[in-house]
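Below, each chain spelled out in residue letters.
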Amino acid sequence: MKIKLELFGVCREFSDNDFLNFDFDEDIEIKDLRKEVEKFVSKQFPENKNFLEMVKKSAFSSEANEIIGDDFKLNKNQTVSIIPPIGGG
Amino acid sequence: MFHCEVIDVNKNKITIVRAEKFIESHKCGASLYFVGTVRDHNNDKTVTGITYDAHDAMVKKSFEEIYNDAISKLKLEHPVAFVEHAKGYVPLGGISVIIAVACKHRAQVYEFSRFIIEEIKKKTPIWKKEHYQGEETKWLEGKPIQK
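1. Let's talk about the overall build of chain A
Alright, step 1. If you tally the helices and strands in chain A, you get two helices and seven strands.
Alright, step 2. On C-alpha atoms alone, chain A measures out to a radius of gyration of 12 Å, which is about the 12 Å that the 2.2 N^0.38 rule sets for 89 residues.
Alright, step 3. Taken over the C-alpha atoms alone, chain A extends approximately 35 × 30 × 25 Å along its principal axes.
Alright, step 4. Residues classed as buried in chain A amount to 30% of the 89 residues present.
Alright, step 5. Taking all contacts inside chain A whose residues are at least 6 apart in sequence as the whole, residues at least 24 apart take part in 53%.

2. A closer look at the overall build of chain B
Alright, step 1. On a plain count of helices and strands, chain B comes out with three helices and eight strands.
Alright, step 2. Taking 2.2 N^0.38 as the reference for a compact globule, 147 residues should give roughly 15 Å; the C-alpha atoms of chain B span a radius of gyration of 16 Å, in line with that estimate.
Alright, step 3. With respect to the principal axes defined by its C-alpha atoms, chain B has extents near 50 × 30 × 30 Å.
Alright, step 4. Taken over 147 residues, chain B has a buried fraction of 37%.
Alright, step 5. In chain B, the share of contacts with a sequence separation of at least 24, taken over all contacts with a separation of at least 6, comes to 76%.

3. Details of the packing of helix α1 (residues 30–44) of chain A against helix α2 (residues 49–57) of chain A
All names here are of chain A.
Alright, step 1. Between α1 and α2, the shortest axis-to-axis distance is 9 Å and the interhelical angle comes to 175 degrees. What the angle tells us is that α1 and α2 run roughly antiparallel. Taking contact as the criterion, the partners of R34, V37, E38, V41 and S42 in α1 are, on α2, F51, L52 and V55.
Alright, step 2. A per-class count over the contact of α1 with α2 returns five nonpolar, one polar and two charged.

4. Details of helix α2 (residues 56–74) of chain B
Alright, step 1. With 19 residues, α2 of chain B extends 27 Å from end C-alpha to end C-alpha; this agrees with the ideal 27 Å at 1.5 Å per step.
Alright, step 2. Every buried residue belonging to α2 of chain B is among M58, V59, S62, F63, I66, Y67 and A70 of chain B, and all of these are buried.
Alright, step 3. Where α2 of chain B is buried, its residues contact β4 (59–61) of chain A together with β1 (2–8), β4 (45–54), β5 (80–91), α3 (106–123) and β7 (126–132) of chain B.
Alright, step 4. Looking one or two residues past α2 of chain B, K75 of chain B carries a phi angle of roughly 50 degrees, positive in sign.

5. Brief notes about the environment of N77 of chain A
Residue and element names in this part refer to chain A.
Alright, step 1. Mapped onto the elements, N77 comes out in the loop between β6 (73–74) and β7 (78–83).
Alright, step 2. By C-beta crowding, N77 is classed as exposed, having 9 other C-beta atoms within 10 Å.
Alright, step 3. Counting along the chain gives 73 residues from N77 to K4, while the straight-line C-alpha distance between them is 8.1 Å.
Alright, step 4. With sequence-adjacent residues up to four places away left out, N77 is seen in contact with M1 and K2.

6. Some details on the environment of K27 of chain B
Residue and element names in this part refer to chain B.
Alright, step 1. By the secondary structure assignment, K27 is in the loop between α1 (16–23) and β2 (30–37).
Alright, step 2. Take K27: there are 11 C-beta atoms within 10 Å of it, and that puts it in the exposed class.
Alright, step 3. Sequence separation of K27 and V83 is 56 residues, and the distance between their C-alpha atoms is 20 Å.
Alright, step 4. Setting aside residues no more than four positions away along its own chain, K27 makes contact with H78 and K104.

7. Digging into α2 of chain A
Residues and elements named next belong to chain A.
Alright, step 1. What α2 keeps buried is the set F51, M54 and V55. End-on view of α2: buried residues confined to an arc of 100 degrees, all on one side of the axis. Residues of α2 that are exposed and angled more than 90 degrees away from the buried face: K49 and K56.
Alright, step 2. In the core, the buried residues of α2 are packed alongside α1.

8. Description of the nonpolar core
All names here are of chain B.
Alright, step 1. With 57 residues, the main nonpolar core has A81, V101, F112 and I116 as its most contacted residues.
Alright, step 2. It is strand β6 (residues 95–103) that contributes the most residues to this core, seven residues altogether.
Alright, step 3. Excluding residues within four positions of it along the chain, V101 makes contact with I23, S31, L32, V80, A81, V109, F112 and S113.

9. Quick notes on the sheet that holds β7 of chain A
Residues and elements named next belong to chain A.
Alright, step 1. Read from one edge to the other, the open sheet built from five strands follows the order β2-β1-β7-β4-β5, with strand pairing classed as mixed. Either end of the sheet is taken by a strand with one partner, and the two such strands are β2 (19–23) and β5 (67–68).
Alright, step 2. Across two bridges, β4 lies against β5 in antiparallel orientation. Within β5, the position partnered with F60 by the bridge is I68.

Definitions and cut-offs
- Residue positions are given per chain, counted from 1 along the sequence in the order it is written.
- Whichever chain is written first becomes A and whichever ligand is written first becomes 1, with later ones labelled in order.
- Totals for whole chains, interfaces and linings use all residues, but because this is a predicted model, local features are given only for residues with pLDDT of at least 70 and pairs of side-chain atoms are given and counted only at 80 or more.
- Secondary structure counts use DSSP, requiring at least four H or I residues in a row for a helix and at least two E residues in a row for a strand, with both numbered from the N terminus.
- Within these notes, the globule rule equals 2.2 Å times the number of residues to the 0.38 power, and the radius of gyration is based on C-alpha atoms.
- For the exposure call, what matters is how many other C-beta atoms sit within 10 Å of a residue's own: 20 or more marks it buried, 12 or fewer exposed, and in between partly exposed, using C-beta atoms placed from the backbone.
- Note that contacts rest on C-beta atoms placed from the backbone: two residues are in contact if these are within 7 Å.
- Think of each axis as a best-fit line through the C-alpha atoms, taken over the contacting stretch in the case of a helix, with angles from 0 to 180 degrees between the N-to-C directions.
- For classification, angles of less than 35 degrees are called roughly parallel, those exceeding 145 degrees roughly antiparallel, those between 65 and 115 degrees roughly perpendicular, and all remaining angles oblique.
- Classification used: nonpolar for Ala, Val, Leu, Ile, Met, Phe, Trp, Tyr, Cys and Pro, charged for Asp, Glu, Lys and Arg, polar for all others including Gly.
- Helices are assigned an expected span. That span is 1.5 Å times one less than the residue count.
- Each C-beta atom gives one direction from the helix axis, and the arc is the one those directions make.
- In this description, a nonpolar core means buried residues of the types Ala, Val, Leu, Ile, Met, Phe, Trp, Tyr and Cys, linked to one another by C-beta atoms lying within 7 Å.
- Two strands are counted as paired when DSSP detects at least two bridges linking them.

Laid out in structure tokens, this is it:
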């Protein structure tokens, strides 16, 4: 299963693209995706503890543009967005 | 009546003129404009501009939900609102957000405008990267989004 993770805000610094791709052998929940993103950030940016902290504090949203909780199931190829802490206006 | 948009400042401009035209209504006796601009300092640093990032679809959805919440919570009469937020680089003094509202009476427009901006701060996925004198930049920390 392929999950495309769209990046916003500080998370855009994770890649030169606007997204990251993850492959999973079985169905997962958002909490599993979060762990994978944490692993990716820890490996790619070991010096930057702020990035890891931001992933821990981030929400995720579905293709329907709804905020989805840690127990939300991902069982098919899809796009998910990471929503780090916000501050517009 | 409601209008909202995320404005890519590389392609378009946020202007009060558009807001004025939209909220004009003979049913309303009061109108109010809130204009957010980029200021020159933050946390003892000299700011030269801000890059705004946005999840466009979620931002528009959030603006619509905030408008509907305002109507039901504030019991507004003849509410009209125009909300536009910038996306991209906004230089010092540039407009980041316009919230123009109109209602039947004056008390309601103050409440309505305040409600919208405070809810945007809590619920709308927009991010700021500040640019400082020199080449330094920093994404501002923000707060976890509320449903």
